[in-house]
Amino acid sequence: MSSTLKLEEKQQAFAELKEVKTILAAKGWFPATSGNLSIRVGDFEPDNFTFAITASGKDKSVNTPSDFLLVNEKGQPTDATGLKPSAETLIHCEIYKATGCGAIFHVHTVFNNLVSELFWERKSIPVEGVELIKAFNIWDEDAKIEVPILPNYADIPRIAELVQDAIVPRVPGIMLRKHGIYAWGANAFEAKRNLEAFEYLFEYVYRWELLKK
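All chains use their own residue numbering, which begins from 1 and follows the written sequence. Local features in a predicted model are, by the rule used here, given only for residues with pLDDT of at least 70; side-chain atom pairs are given and counted only at 80 or more, and totals for whole chains, interfaces and linings are based on all residues. Neither water nor hydrogens contribute to the side-chain values; these are computed over all heavy atoms in the structure.

Attention shifts here to a nonpolar patch on the surface. Residues enter patches when their relative accessible area tops 30% and they take part in no salt bridge; the joining distance is 9 Å for like charges and 5 Å for the nonpolar side chains Val, Leu, Ile, Met, Phe, Trp and Tyr. Calculation of accessible area relied on Shrake-Rupley with a 1.4 Å probe; when residues are assessed, cover is drawn exclusively from the protein chains displayed. A carboxyl oxygen of Asp or Glu within 4 Å of a side-chain nitrogen of Lys or Arg is what we treat as a salt bridge. Residues L132, Y200, Y204, W208 and L211 make up a contiguous nonpolar surface patch of about 530 Å² in total accessible area. We count a stretch as a helix when DSSP gives it H or I for four or more residues in a row; a strand needs E for two or more, and each element gets its number in order from the N terminus. Looking at the secondary structure, you find W208 in helix α5 (residues 188-212). Three exposure classes are used, based on accessible area relative to the maximum for each residue type with a 1.4 Å probe and protein chains only: buried under 20%, partly exposed in between, and exposed over 50%. Relative accessible area serves as the criterion here: at 43%, W208 is assigned to the partly exposed category.

Per the stated rule, a full pass over the model turns up 10 salt bridges. Taking the shortest distance from any N to any O, the salt bridge between E196 and K27 comes out at 3.8 Å. Linking E196 in helix α5 with K27 in the loop between α1 (7-26) and β1 (36-45), this pair joins segments that are 169 residues apart in sequence. Across the pair K97 and E94 runs a salt bridge whose closest N-O atoms are separated by 3.5 Å. Of this pair, K97 and E94 both sit in helix α2 (residues 89-99), separated by 3 residues, roughly a single helical turn. For K97, a relative accessible area of 27% corresponds to the partly exposed category. Note on E94: relative accessible area 17%, which makes it buried. Sharing partners across several salt bridges, the network here consists of K27, K192 and E196.

Below is the structure:
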């Protein structure tokens, strides 16, 4: 499918990733080159699609010509390149296959790590009655959501095979234990909005748990 992509589609995806990367890096959400971002490019079929993703090992607080590359639904580069896709590309592949979303953003923060451990035995992070749940287009009064938590195996394929069964349709995110949140949306705007909402909610949940003690 990569051969059918227009040059401007690739350029648009890279430009959007650069903008989001710059904004999130300023928040300190990519410590020590961690985290990864991707945007789907072109047509989509669950077994045939292409997305742009951050290259592995890059300092996301700076911008270079080699920050991003294109990969297919198997996480393999579609063009000749010396760049390596993020080590967690297979997780992006599975989220795209399951949801058909347009963008996936993954960050490591102190609060998302803390709540993932705090609620690990429950296997989900409960959030109830907080206004920013509406960011996920959930408008129930006193709405309650559960954000799934998956184990953080060193072997990424072991995580990837758990993704599709863990997804909760109305909750656009999955946590990896003591690792970070994957948030997605129909496009870069929605994915960024959802990511920011999750991070606010995680901080709220953690601080509320402290106040209850």
